[in-house]
Amino acid sequence: MSAFPTRSFSSHMRQPSTSASASSTGQSTALVARVNEKKAELENLKELRDLSAAVATQMEALEQKLATLSDGTEAIALVLGNWHNVLRAINMASAKLPKPAADETPSDSVPLPQTLVRIPTEHAPALQAHTEGAAEDEQD
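Bear in mind that the values here come from a model prediction, so they are computed numbers and not experimental data.

Colleague: Is there a simple way to explain the overall build of the protein in this structure?
Modeller: In terms of helices and strands, the protein carries two helices and zero strands. Within the protein, buried positions represent 1% of all 140 residues. Put simply, the protein shows about 13300 Å² of open surface, and 61% of that area lies on carbon and sulfur atoms.

Colleague: Explain the pattern of salt bridges here, please?
Modeller: Where charged atoms from two side chains of opposite charge come close, those side chains can pair. Within this structure, the stated rule accounts for two salt bridges. A salt bridge links Lys38 to Glu41; its shortest N-O distance comes to 3.6 Å. Of the two residues, Lys38 and Glu41 are both situated in helix H1 (residues 18–95); the distance of three residues between them amounts to about one turn of the helix. Residue classification places Lys38 among the partly exposed positions, given a relative accessible area of 40%. Of the residues examined, Glu41 reaches a relative accessible area of 38% and is grouped as partly exposed.

Colleague: What is the right way to look at a nonpolar patch on the surface in this model?
Modeller: There is a patch of nonpolar side chains on the surface, built from Ile76, Val79, Leu80, Trp83, Val86, Leu87 and Ile90 and spanning about 660 Å² of accessible area. Here Leu87 shows up in helix H1.

Rules of the game
- Residues numbered from 1 in each chain as written.
- Predicted model: local features only at pLDDT ≥ 70, side-chain atom pairs only at ≥ 80, totals over all residues.
- Heavy atoms only, no water.
- Helix = DSSP H or I, 4+ residues; strand = E, 2+ residues; numbered from the N terminus.
- Buried < 20%, exposed > 50% of the residue type's maximum accessible area, 1.4 Å probe, protein only.
- Areas by Shrake-Rupley, 256 points an atom, 1.4 Å probe, with all protein chains shown as cover.
- Salt bridge = Lys/Arg side-chain N within 4 Å of Asp/Glu carboxyl O.
- Patch = residues over 30% accessible without salt bridge, like charges linked within 9 Å, V, L, I, M, F, W, Y side chains within 5 Å.

If you want it as structure tokens, here you go:
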């Protein structure tokens, strides 16, 4: 026989006490609660990420619209800056007209200012087609 006593291993193991099992149950419920809390936090973070992406997309669209608005504002400023010159030219052309006599009544025969700019309209369709063709060539 052997020099060591043979006893079953299970007889040396202690069975957990009721206080130990209660504390492990308490720990497991605390862990389950914490896991659920973290899952809720993860869902909130995913929602925040999606909302942040939507806001970023809207901000990029707003940036593009503001750039267009800025370009349009510059164009309008150039046009308005030229109106002073246009009105001055009309005033100068009108100053050269003969003044009607005081006893004459204004009618349709009152002379109008000389035409300042003449744009031929008979070539307009061909000119527009040529301009559109040039614009398409630039895009290619």
